[in-house]
Each structure stands twice: as structure tokens, then as C-alpha cells.
Amino acid sequence: MNPNLFPHPPAQPPDLDQQWQHRILLGIDHQQNRHLLAQLLGRFYNLQDSPSEGLNWGNAFDLCIFDSLFLGRLNEQILAQREAASPVFLPFLLLLKRAHLPLLTTAIRQQVDDVITIPVEQTELLLRVESLLRARQQALKLSALLAQEQLLEQQILADNQILQAMVTQDSLTGISNRRAFDDKLAYEWKLGRREQTPLAVVLCDVDHFKAYNDTYGHILGDQCLRAIAGVFDTVIRRPADMAARYGGEEFALILPKTDSEGAVHILNRIRHTLQARAIPHQGSPTNAYVSCSFGLAVAVPSDDCEIEDLLRAADAALYQAKAAGRDRAVVAPALEHHFLQPERP
């Protein structure tokens, strides 16, 4: 490499206010040229020699300047560092003899962002360095803006999920609320009509809940509702099933692709689990412990039947369960004449 790297006196960079802000890797194996470059660039920038192994150049440097000897010696590392720095722009500047320009292959050009032939005017070199550093700073600013936008999008997504949960979740019990129940029922009705599969709906009422509140107070009444919701959450495990607070002391279940036999099995498990909890209820004329009454209706959705028909059938079955003494489940007579008597474990 020509030792007369700079044929003219030194010049000042365009913006001296930026001195020491930028970190430049000076990968020049030609000793004399490295000395000359260090004398010039060292007045304005923070220069680093050959980097240590394992160092991420994209984080450590703002510009990498190297000659053909350095490029040939660390070709694989340069390729790896260029890939690791992406998508943030890390400029590579190659110093090359004019006589070696014909040897500059396409592969080498793809590894660098600019090529300067030597000897070179110091002003031109400084301007080219400044240009690459400005491009680097713009890339860093853009990367920071994109990162902020991604964080903002993630925060908006998280906030939307929280808002959605607030809209569809019952604040007292933590299970789905009436709005979520209505939306889910409409969806499963359409799906059941398309696939011609049975859809089971259960309406549930806590037996003598007013007497429970009168006996124990509303704070324990709220705890009782949460405990019952916990029973539903324990038993209802299929992803498509839903337990919801229907209103007050009323709960509701949606059991897609479930016939009467399957729904009865689930209700028996709920009743047994609730009995095992043994929540005291001294004010109940039915039991010494909290119990529930259930009305079950099952239908294969069709054009001849509406969602309201299914809900009315479940409500009528719940009324029959309460009229028959409570603490039991009744299958809607209009859909299937089958009654379930109270069971004890």
C-alpha cells in the first residue's frame, strides 16, 4: 500500500462538535497507513484497534475502516459482524489502492458500504467518514423510533386485552359475565347449526341466597358466589365450554357439542363438587349447606328453533327444579323429558 496516504496537508472535519462522540474501528494492517490514519482521525474520533473476540461490532462501533489485508485476514468475521448488526446500519469503509480496483469483486463490494482509493485527499476522506457516520446516526434514531413504536403497540395490545377482559369478565367472581355469555351463545348457536351438533345450555340459581345474605351478610355472600364460581371453573375444563355469572345469584353454562347425557354428567360433577365444599347455610330450609338448582336444555340448532327457545326451555326447567324442592337439576321437558333427583355422594 502506498505509504504516501495523504498527499496534501490535513483538513478539519465538517463538524468538530461531534469529536469523540463516534467510535471507529481502525482495522488497518499496513503499519504506516494505520499510523497516518490514527494521526488524522484520532484528533476527532474515538479510535479502536483490532476488536476482541466475541465483541459485537454493531454495539461497540459506529464505523469500521479497514484495508484489503485486514479484509482478507478477517473476512469471515466481517461477514458475521455485518449480519449480526442488521437491521441497524453499521457502515464499513474499505481503503484500497487504485491499482487494485479491478480486483474488487462483487462479493467484496457487498461486504462494504464505501470504497476509497489511496492516495486520497484528507478532506475527501473526512467528508466520506462524516457521511457514513451521519447515515449511522440516522439509522440508530430510526431503530430507536421503531423500538418505541413496537413498545407502544405492545402496550396498546396489553391495554386492549385488559379492557376486553373488563368488558367480558364478571368483576366479582372472575368468570365470564352476561355480555360474554350472550356473545358466546350466539357464536355456538351458529356453529352448531352449521355442523348440526347439539348445544346444551344450563341456567343455575343459588338456593335461598337472600336468606344466606340475611344470615351471614353481603361480604360473606360475595365470598359464597366466588366459591361457587370456583366450582364451575374447576369442573368446566373443555376450552369451548363456558361458565358465566348470569346476574345476581344466577349462573349459566354453555356446553357446545354436548348431548343431554353428557350435560347431565357435568352437572352431577358440579353438584358433587359443591357438596364436597360444604359451605354452611343455616338459613336454608333445603340443606345445611349451600346448594344450587339447575335447568338444562339441549337442542341441535336449526331454522325451526331460536336461541330464545333454548333459553326459555332452560329457564322453565330451572323453575321446575326450584318448585320440586331445589338442590336438583331438571332437563327441559320440551326437549327431553328427564328429571334428575338430588344425589348424595
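As shown above, the structure is provided for reference.
Residues numbered from 1 in each chain as written. Predicted model: local features only at pLDDT ≥ 70, side-chain atom pairs only at ≥ 80, totals over all residues. Heavy atoms only, no water.

1. Some points on the pairing of strand E1 (residues 23-27)
- Across the 5 residues of E1, 4 count as buried, placing the element largely inside the fold.
- Examined bridge by bridge, E1 and strand E2 (residues 46-48) share 3 bridges and lie parallel to one another. Bridge assignment links Leu-25 to a residue of E2, and that residue is Gln-48.
- Each parallel crossover has a hand, and for E1 linked through helix H1 (residues 31-41) to E2 it is right-handed.
- In this sheet, strand E3 (residues 63-67) lies alongside E1 in parallel orientation, the contact comprising 4 bridges. Bridge pairing in E3 places Leu-26 opposite Ile-65. (Buried < 20%, exposed > 50% of the residue type's maximum accessible area, 1.4 Å probe, protein only. Helix = DSSP H or I, 4+ residues; strand = E, 2+ residues; numbered from the N terminus. Pairing = 2+ DSSP bridges. Right-handed = clockwise from strand over helix to strand, strands pointing away.)

2. A look at the side chain of Asp-241
- By the secondary structure assignment, Asp-241 is in the loop between helix H9 (218-235) and strand E7 (242-247).
- For Asp-241, a relative accessible area of 11% gives the class buried.
- Among the polar contacts made by the side chain of Asp-241, one reaches the side chain of Arg-238 at a distance of 2.8 Å.
- Aside from chain neighbours lying at most four places away, what touches Asp-241 is Ile-236, Ile-254, Leu-255 and Pro-256. (Polar contact = N/O pair within 3.5 Å; in protein donor to acceptor, adjacent residues only side chain to side chain. Contact = heavy atoms within 4.5 Å.)

3. Describing H9
- For H9, with 18 residues, the first-to-last C-alpha span of 26 Å sits near the 26 Å given by 1.5 Å per residue.
- Lining the buried residues of H9 we find strand E6 (199-206), helix H8 (209-216), E7, strand E8 (250-256), helix H10 (260-277) and strand E9 (292-299). (Expected span 1.5 Å × (residues − 1).)

4. Observations concerning helix H4 (residues 75-85)
- Considered for burial, the residues of H4 that qualify are Ile-78, Gln-81 and Ala-85. Along the long axis of H4, the arc covered by the buried residues comes to 65°, so they all point the same way. Set apart from the buried face of H4 by more than 90 degrees, the exposed residues are Glu-76 and Glu-83.
- Those residues of H4 hidden inside the fold are in contact with helix H2 (57-60), E3, helix H3 (68-73), strand E4 (92-97) and helix H5 (106-111). (Arc of directions from axis to C-beta.)

5. As for the packing of aromatic side chains
- Counting across every chain of the model gives 9 aromatic pairs.
- Centre to centre, the rings of Phe-44 and Tyr-45 are 6.3 Å apart; their planes meet at 75°, and the pair counts as edge-to-face.
- A relative accessible area of 1% means that Tyr-45 is categorised as buried.
- Put simply, the rings of Trp-57, Phe-61, Phe-66, Phe-70 and Phe-92 pair up and form one aromatic cluster.
- The cationic tip of Arg-178 hangs over the ring face of Tyr-246; the distance from NZ or CZ to the ring centre is 3.9 Å. (Phe/Tyr/Trp six-rings, centres within 6.5 Å; stacked < 30°, edge-to-face > 60°. Lys NZ or Arg CZ within 6 Å of the ring centre and 35° of its normal.)

6. Let's talk about the pairing of E3
- The element E3 is largely enclosed, with a buried count of 5 among its 5 residues.
- Taking every second residue as pointing to the same face, both faces of E3 are buried, with Leu-63, Ile-65 and Asp-67 on one and Cys-64 and Phe-66 on the other.
- Of the strand pairs in this sheet, E3 and E4 are connected by 4 bridges, and their pairing is parallel. Across the sheet, the residue bridging to Phe-66 is Leu-94, located in E4.

7. A look at the packing of H8 against H9
- Viewed as axis vectors pointing N to C, H8 and H9 meet at an angle of 135°, and their least axial separation amounts to 7 Å. Judged by the angle between their axes, H8 and H9 are oblique. For the pair formed by H8 and H9, the contact residues are Phe-209, Tyr-212, Asn-213 and Tyr-216 on the first element and His-218, Leu-220, Gly-221, Cys-224 and Leu-225 on the second.
- Tallied by class, residues from the contact of H8 with H9 come to 6 nonpolar, 3 polar and no charged. (Axes fitted to C-alpha atoms, helices over the stretch in contact; angles between N-to-C directions. Parallel < 35°, antiparallel > 145°, perpendicular 65-115°, else oblique. Nonpolar A, V, L, I, M, F, W, Y, C, P; charged D, E, K, R; others polar.)

8. Comments concerning the nonpolar core
- Residues Ile-228, Phe-232, Phe-251, Ile-270, Phe-294 and Leu-296 are the most contacted members of the largest nonpolar core, which totals 34 residues.
- Every element with two or more residues in this core is listed here: E6, H8, H9, E8, H10, E9 and strand E10 (329-331).
- The element that contributes the greatest number of residues to this core is H9, accounting for 7 residues.
- In this structure, Ala-299, Cys-305, Leu-318 and Val-330 belong to the second largest nonpolar core, which totals 25 residues. (Core = buried A, V, L, I, M, F, W, Y, C linked by side-chain atoms within 4.5 Å.)

9. Looking at the packing of H1 against helix H6 (residues 122-168)
- At a closest axis distance of 12 Å, the pairing of H1 and H6 adopts a crossing angle of 70°. The pairing of H1 with H6 is recorded here as roughly perpendicular in orientation. Relative to H6, the crossing made by H1 is right-handed. Listed contacts from H6 to Leu-37, Leu-40 and Leu-41 of H1 are Gln-122, Leu-125 and Leu-126.
- Its residues assigned to classes, the contact of H1 with H6 shows 5 nonpolar, 1 polar and no charged. (Left-handed = near helix turned anticlockwise from the far one by under 90°.)

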